[in-house]
Every structure is written in structure tokens, then in C-alpha cells.
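# Results of the structural survey
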Amino acid sequence: MALDATNIIVGAGTFNIGAYVAAGGAGTLADVGHTSAANELAAEFENTDFESERAQGIVKTVPSKTGYTLKIPIMQAESEMLRIALAQPAANQTGTGENLTLRVGARVEQYHQATIVTTGVGTTGVRTLTFWKLQAIAVDAIQYGKNALQQFIVTFRVMFDDSVTTADKFWKSVDA
Amino acid sequence: MARLIRFGGPNLPVGPYSTWYDHRNPDGSYGGQISVRAGHVVAADRVGGEIAVELKDGSTETLHGKTAAYYVDSGRANWVDEDEEPARPVEG
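The structure reproduced in this document is the subject of the present report. Worth saying up front: this structure is predicted, and the values here are computed from it rather than measured.

## Considering the sheet that holds strand β1 (residues 4-7) of chain B
Residue and element names in this part refer to chain B. Strand order across the open sheet formed by three strands is β4-β1-β7, with antiparallel pairing between neighbours. At either end of the open sheet lies a strand with only one pairing partner, and these are β4 (41-43) and β7 (77-80). Mean inter-strand twist for the sheet, computed between neighbouring axes without regard to direction, equals 30°. Sheet topology note: the β1/β7 ladder contains four bridges and is antiparallel. Its bridge partner being in β7, Arg6 is matched across the sheet by Asn78.

Below is the structure:
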């Protein structure tokens, strides 16, 4: 590629999350607001290697496992975010406005759609990452202290959504 | 003039909520995935439908984006009759 400094991009991402929608339909997503650090998308790949009696190196390698995780340090400690982080059913949260009670019980199988809207290299400079099916799988220890930021650092696993008819079974990145 | 939709409804309230649509350019090409919030007004024929996406090898693939009726039927947009200018917001 030709040298082009305008394609070197830096910029925060806005994380939006909502209920899962099958078949790649558009969800209604809520902006989680302030985050205390960068949103992180990590990839984990495994390959199965094959060797031959007639060669000393690997002669074939087949991708056999693909995983992506998202780590979002949610700084706005709203009850709804705690509910999502702890995989609690919506019925476990009651009340109105900000006066909510979250009853923490067993985690349930719960999926989400989410987007990260960040800087891109397209015409408008906006890149949208869309994750079709997320599951909250971990939350870092939440600190309640006189000098501590009460935040929810949530790790989501990106599921393989085979109800999506296009090639983006895990996620997609769109520059516009 | 093309019909318009205004995003917003019982399933897309005013506030931190957003949804998105696949934008179709007037020539039928893909204009990207556009995030919208309640209040944004968009020409219905720019929303989804069959969009030609050009692949790197020069061939084209058809993207079946959700149409304006999908957003209206799912309680996230309403038809607009007024003569309003379509908006194309880019924020998240």
C-alpha cells in the first residue's frame, strides 16, 4: 500500500449494547456512556497442524478454532450495566428511573447485540463494528472504596451467529 | 418526493438509545451502516432494501438490508408526511 498518513487512525470508541436480534436484524442499542480506558477486541486462533513422514515441517495447517472477546471498562455505574455484566434476567431489576433494585441470582443465558462506533478511513471517517451475538462471560472485581472508581470492566465473548445469512457470522467492520 | 421516516417510537425512546440501518445511495450502492437516534429523519428509499456491494475482485454481491417498513413495524420509526430534509447523522 502507498504511504498515506491520513489512514493512520486514533480515536475512542462508543460502545452501544442492546438485546440480541436474530438474523442480523438491527437492534435497539444503548450507549453505555463513559469508559475509563480503550475498548479492547482480542482474537484467539487455533490451528490444527499436519506433518508428513516425508517432510520435516508442517505441510498443512487448518484453522480449527476462532474466538473473539471484547473488554469494555464501563465507567458509568448504572444498575442496567451491572445487570448486563452479571447476566441477570431483566425481571430481576425493578423500580423506575435511576431508583432501581437489582436482585442478583443465578446467571441466565443471555445474548446481546452491540456496536463500537469509532474512527475509520471512509468518506465520513466513521467505522462501525457490529457484534451480532455477545455473552457476558466475566467481570473484573468491582471496587467500592474511598479512592476507587466504581466501574464494571466486562468481558464479552463474541459468539458465532449462524442465523446471520451473510459472511459476518462473528462481527463486521464498516467504514463509511 | 420520497417518503420519509423519523426514527423514534416505543422501542427507540429518546435518550442514549440508537439503532442503525444500511444506507443505500441513490445509485443503489452501499453507503455504509449509519447509526441513528430518535428524531433523525431519513428518506425511506435510502434505508436498506437490495443494495449492490462491490467486492474487491470487481464482482458485486447483493446485501438485503432491513427496509424502512421494518423499523416502523418494530416500533422504532414512524412515517413522516411533512416536507423535511433527510438527515444523515454519523454519531454513535
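Anyway, onward from the coordinates.
## Quick notes on the nonpolar core
As a rule of thumb, soluble globular proteins bury nonpolar side chains together. A:Phe15, A:Ile17, A:Leu70, A:Leu134 and A:Phe156 are the most contacted members of the largest nonpolar core, which has 23 residues in total. Elements with a minimum of two residues in this core: β1 (14-19), β4 (58-74), α1 (79-85), β7 (112-119), β8 (126-139) and β9 (152-158) of chain A. The contact partners of A:Phe15, leaving out residues within four places of it in the chain, are A:Ala30, A:Asp31, A:Val32, A:Asn39, A:Leu70, A:Ile72, A:Ala114, A:Thr115, A:Ile116, A:Leu134 and A:Phe156. In terms of nonpolar packing, the next biggest core, distinct from the first, is built from 18 residues, A:Ala26, A:Leu29, B:Trp20 and B:Ala44 among them.

## Quick look at the pairing of strand β3 (residues 40-51) of chain A
Residues and elements named next belong to chain A. Two elements, β3 and β4, share 12 bridges in a ladder whose sense is antiparallel. When the bridges of β4 are listed, Glu51 appears paired with Ile58. In sequence, β3 turns back onto β4 through a hairpin of six residues.

## With respect to the interface of chain A and chain B
Across the boundary between the two partners, chain A contributes 22 residues, which contact 21 residues of chain B. Summed over both sides, the interface between chain A and chain B buries roughly 1,600 Å², with carbon and sulfur atoms accounting for 55% of that surface. It is A:Ala26, A:Thr28 and A:Leu29 in chain A that bury the most area against chain B; as a group they hold 30% of the surface buried on that side. Our count for the chain A to chain B interface comes out at two salt bridges. When the shortest N-O distance is used, the salt bridge between B:Arg37 and A:Asp31 registers 3.6 Å. Counting the contacts that link chain A with chain B gives 11 residue pairs in polar contact (both at pLDDT 80 or more). Looking at the side of chain A that touches chain B, the elements that each hand over two or more residues are β2 (29-31), β7, β8 and β10 (171-175) of chain A. For the side of chain A that touches chain B, the leading source of residues is β8(A), giving four residues.

## Notes on unusual backbone geometry
All names here are of chain A. Not every positive phi belongs to a glycine, and Ala23 is a case in point at roughly 60°. Structurally, Ala23 is set in the loop between β1 and β2. Exposure remark for Ala23: the relative accessible area of 38% places this residue in the partly exposed category. Positioned with a positive phi, Ala87 is a non-glycine residue whose angle comes to about 55°. Relative to the helices and strands, Ala87 is located in the loop between α1 and β5 (93-96).

## Structural notes on the packing of aromatic side chains
Evaluation of the coordinates by the stated rule reveals 11 aromatic pairs over all chains. Taken together, the ring pairs connect A:Phe45, A:Tyr68, A:Phe131, A:Phe160, A:Phe170 and A:Trp171 into an aromatic cluster. The cationic tip of A:Lys133 hangs over the ring face of A:Tyr20; the distance from NZ or CZ to the ring centre is 5.2 Å. Just above the ring of B:Tyr70 sits the side chain of B:Lys66; from NZ or CZ to the centre is 5.1 Å.

## Description of the environment of A:Ala136
Residue and element names in this part refer to chain A. With respect to the secondary-structure elements, Ala136 resides in strand β8. Of the residues examined, Ala136 reaches a relative accessible area of 5% and is grouped as buried. With 27 residues separating them along the chain, Ala136 and Glu109 place their C-alpha atoms 9.4 Å apart.

## Some remarks on the pattern of salt bridges
All names here are of chain B. Tallying each qualifying case throughout the model produces six salt bridges over all chains. Asp45 is the partner of Arg46 in a salt bridge, and the nearest nitrogen-oxygen pair spans 3.5 Å. When its relative accessible area of 33% is taken as the criterion, Asp45 is described as partly exposed.

Rules behind the numbers
Residues numbered from 1 in each chain as written. Chains lettered and ligands numbered in written order. Predicted model: local features only at pLDDT ≥ 70, side-chain atom pairs only at ≥ 80, totals over all residues. Heavy atoms only, no water. Pairing = 2+ DSSP bridges. Helix = DSSP H or I, 4+ residues; strand = E, 2+ residues; numbered from the N terminus. Axes fitted to C-alpha atoms, helices over the stretch in contact; angles between N-to-C directions. Core = buried A, V, L, I, M, F, W, Y, C linked by side-chain atoms within 4.5 Å. Buried < 20%, exposed > 50% of the residue type's maximum accessible area, 1.4 Å probe, protein only. Contact = heavy atoms within 4.5 Å. Buried area = accessible area lost by both parts, 1.4 Å probe. Salt bridge = Lys/Arg side-chain N within 4 Å of Asp/Glu carboxyl O. Polar contact = N/O pair within 3.5 Å; in protein donor to acceptor, adjacent residues only side chain to side chain. Phe/Tyr/Trp six-rings, centres within 6.5 Å; stacked < 30°, edge-to-face > 60°. Lys NZ or Arg CZ within 6 Å of the ring centre and 35° of its normal.

Any link to function would need more than the numbers given here.
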